[in-house]
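Structural features, examined
Take a look at the letters that make up each chain.
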Amino acid sequence: MPHKSFNKGVLAFAVASAMSLSSFAYADVVIGVAGPMTGGNAAFGEQLWRGAEQAVADINAAGGINGEKIKLVKADDACEPKQAVAVANRLVDSDKAVAVVGHFCSSSTMPASEVYDEAGIISITPASTNPQVTERGLTGEFRMCGRDDQQGVVAGDYIVDTLKAKKVAVIHDKDTYGQGLADATKMELNKRGVKEVLYEGLTRGEKDFNALVTKIRSTGAEVVYFGGLHAEAGPLVRQMREQGVTAKFVSGDGIVTDEFVGTAGGAQYAKGVLMTFGADPRQIPDGKAVIEKFRANGYEPEGYTLYSYASIQTIAAAFAGAKSTEGAKASAWLKANPVSTVMGKKEFDAKGDLKVSDYVMYEWDDAGKYKQL
Amino acid sequence: MDGIFLQQMINGLTLGSVYGLIAIGYTMVYGIIGMINFAHGEVYMVSAYLAAIAIAVLGFFGVHSFPLVILGTLIFTIVVTGVYGFAIERIAYKPLRNSTRLAPLISAIGMSLILQNYVQLSQGARQQGIPTMLEGSLRLHVGEGFVMITYTKLFIIAAAIAGMLALTFIIQRTRLGRMCRATQQDRKMAQILGINTDRVISYVFVIGASMGALAGVLITLNYGTFDFYAGFIIGIKAFTAAVLGGIGSLPGAMLGGLILGVAEAQFSGMVNTDYKDVFSFSLLVLILIFRPQGLLGRPQVTKV
């Protein structure tokens, strides 16, 4: 008996060492792409993945980073904070990722970025706009997009200056991103002397907001501001129109996907909806060749696709510039040097935020497309 | 203010009748084999996909008149979802009929995960949407304000009532219904008297799934959007409705659904949307404290 179990022990040891050897054998630069690959927000996960994939193909074709090829690993957090921490640990421990592009939802990015910071690797979120993402003193955390306190100011000013609304209902989805954005807008509205007539949260995953819509109607709001994602924004705007609420619907970058029209039941409901989003990266001349490549493959690089592409470029530039994949060195290099990306030249401040943000207002038209105003 | 109150009643009643239809699936299965079929929310979700597929296929063949599309969609969805209900029972519950009470419960949770992932993999994880089928609404002036009811909502309430009446008829007046009631009262005795209880249980699953399918078609028409995870929240709510009304009781399921729907709507209207779920679950706790068997449930008599 003892002899037999000794054999098993040897076997187990052999297997274990073989497994650890195989991970040492990696010569590639492994970069994780983390976001909601499944779940209600999978459309955004796809944008991140498509952008990163194209960027890696282009960089590898041009010789890789310091002569090494980039290898991407997909990680799915389904916009669930718990799952985000689990996949972050997996990326760090078993995939040996040296950088991460992600996550999407702010509520996922925040806990996951702590895992990356502890492991000493850099992470760039293409899409998480909650201010707290870069306010926690993490060395390796960057973002390619603006912040909700900037976005909320643009939305709040637009509501006061252009829409000239006196009665504004502020609705959010009780999530880190949605509520944070709604709060930022509310703060700007209050600063400009407009007190919201309603401030309430709905539940993510539900589809029936009729009761809330009736309440909005009873307040006589002229503008409804919604902080949240398209899965809830669509049914909300549809139910408003079905109950005869004609108030202008304004939201943020959480509804920047063609799926918004589908969730709203068609362009006749999505029409006229406003949203804030970074100036369309597709308009920036630097990205023209890349955008053509996406279109040649039958994919329209909408929403955060180019942000994700630019995140990979930034990581590659940092590793090449710092001549190391070590998080601390790459991070220091990024904070000191500008990076030229598909979205133009980008500079980061000491917190890891972009030095210049460029939020503008977009409107959905009756063909189900959005245009910059 | 009257208009607002009335509008919230209508909001609550449409939502509640859908809860009720799904709650029937929970309550019937519990009544007959004493287990909670946690996969029932997913059965509803599958039916939402089937409904969208049926609408798309009918549209492809040039069928655009609303009554025809709805009829076709309902028949297709109810039949195929019924098959799902039958298959789920055969695969996941029947082999566990005589094991501990916990085994089928775990099996149900597993089944629910399997269905979720199956739909996610086969249909993709994106939000699905269907175009609006029935446009327009009824506008009534009430006092100072007005009430707006879309034709889709009127259709939902009518269809839910029709579904309930049909079900009541089946249970009260037909041979199949008699067999169901006999099996519910005493499965062993029913078996001795020559009822094929296994088959009756299968029928119950099919009927429950069909009611879920009816709800799936109605919800898909009304909200126009769903994803593979859509069954979870609504399944929990419907289960709550079933417990509230008295699990095992058919009128209880419908009543529970309506109470839950109206309570949610009125609470969000008068107090706060953030806390509407807190309110409805507190209501459930209160009712269970004073009537542990639910509103219309029969108290469990333990024989010594």
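A quick note: this is a predicted structure, and the numbers were derived from the prediction, not measured.

With that settled, the discussion passes to the domain arrangement of chain A. A common way to express how large an interface is: the accessible area buried when the components associate. Residues and elements named next belong to chain A. The domain boundaries assigned to chain A delineate domain 1 (24-145 + 283-357) and domain 2 (149-279 + 360-372). Centre-to-centre separation of domain 1 and domain 2, based on C-alpha positions: 29 Å. Taken together, the contacts link 20 residues of domain 1 with 19 residues of domain 2. Sorting the residues of domain 1 by area buried against domain 2 places Phe-44, Thr-129 and Glu-302 first, and these three jointly supply 25% of that buried surface.

Attention now goes to the environment of A:Gly254. All names here are of chain A. Relative to the assigned elements, Gly-254 resides in the loop between strand E9 (248-251) and helix H9 (259-263). The sequence separation of Gly-254 and Asp-286 amounts to 32 residues, and the corresponding C-alpha distance is 25 Å. In this structure, Gly-254 is in contact with Phe-44, Tyr-177, Gly-228, Leu-229 and His-230, ignoring residues within four places of it in sequence.

The next point concerns the interface of chain B and chain A. With 40 residues of chain B in contact, the opposing surface of chain A contributes 38 residues. Summed over both partners, the interface of chain B with chain A buries about 3100 Å², with 47% contributed by carbon and sulfur atoms. Linking chain B with chain A are 2 salt bridges. A salt bridge links B:Lys237 to A:Glu206, with the shortest nitrogen-to-oxygen separation between them at 2.7 Å. For the interface between chain B and chain A, the tally reads 21 residue pairs in polar contact (both at pLDDT 80 or more). Secondary structure elements with two or more residues in the side of chain B that touches chain A: helix H1 (2-33), strand E3 (145-150), helix H8 (197-223), strand E4 (225-226), helix H9 (230-245), helix H10 (250-270) and helix H11 (276-290) of chain B. Considering each element in turn, the side of chain B that touches chain A owes the most residues, 6 residues, to H1(B). Of the residues in the side of chain B that touches chain A, the class split is 15 nonpolar, 17 polar and 8 charged.

Before going further, it helps to spend a moment on the UniProt feature "transmembrane region" (unreviewed entry) in chain B. Residue and element names in this part refer to chain B. Within the UniProt annotation, "transmembrane region" (unreviewed entry) is assigned to residues 12-36, 43-62, 68-88, 148-171 and 200-222. Here residues 43-62 is 90% helix and 0% strand, with 29 Å between the C-alpha atoms at its ends. In residues 148-171, the share of helix is 88% and the share of strand is 12%. The end C-alpha atoms are 36 Å apart.

A word on the confidence of the model for chain B. Across chain B, the average pLDDT comes to 90, with 98% of residues at or above 70. For this predicted complex, the interface confidence comes out at an ipTM of 0.88, alongside a pTM of 0.84.

For the coordinates displayed, the defined rule picks out 1 disulfide over all chains. Free of any disulfide, A:Cys145 has its nearest neighbouring cysteine sulfur in A:Cys105, separated by 12 Å.

Residue and element names in this part refer to chain A. One open sheet accounts for 7 strands, arranged E7-E6-E8-E9-E10-E13-E14; its pairing is mixed. Among the strands making up the open sheet, the edge pair consists of strand E7 (198-201) and strand E14 (370-372). If you compare each strand with its neighbour and ignore which way they point, the axes differ by 25° on average. Pairing geometry for strand E8 (residues 223-227) and E9, over 4 bridges, is parallel. Bridging across to E9, Phe-226 finds its partner in Ser-251. Here helix H7 (residues 210-219) sits on the sheet in contact with strand E6 (168-172), E7 and E8, set at roughly 175° to E7.

What counts and how
Residues numbered from 1 in each chain as written. Chains lettered and ligands numbered in written order. Predicted model: local features only at pLDDT ≥ 70, side-chain atom pairs only at ≥ 80, totals over all residues. Heavy atoms only, no water. Domains from an automatic or database assignment. Contact = heavy atoms within 4.5 Å. Buried area = accessible area lost by both parts, 1.4 Å probe. Helix = DSSP H or I, 4+ residues; strand = E, 2+ residues; numbered from the N terminus. Salt bridge = Lys/Arg side-chain N within 4 Å of Asp/Glu carboxyl O. Polar contact = N/O pair within 3.5 Å; in protein donor to acceptor, adjacent residues only side chain to side chain. Nonpolar A, V, L, I, M, F, W, Y, C, P; charged D, E, K, R; others polar. UniProt positions renumbered as here; feature names shortened; annotations may be inferred. pLDDT = per-residue confidence, 0-100. Disulfide = S-S within 2.5 Å. Pairing = 2+ DSSP bridges. Axes fitted to C-alpha atoms, helices over the stretch in contact; angles between N-to-C directions.

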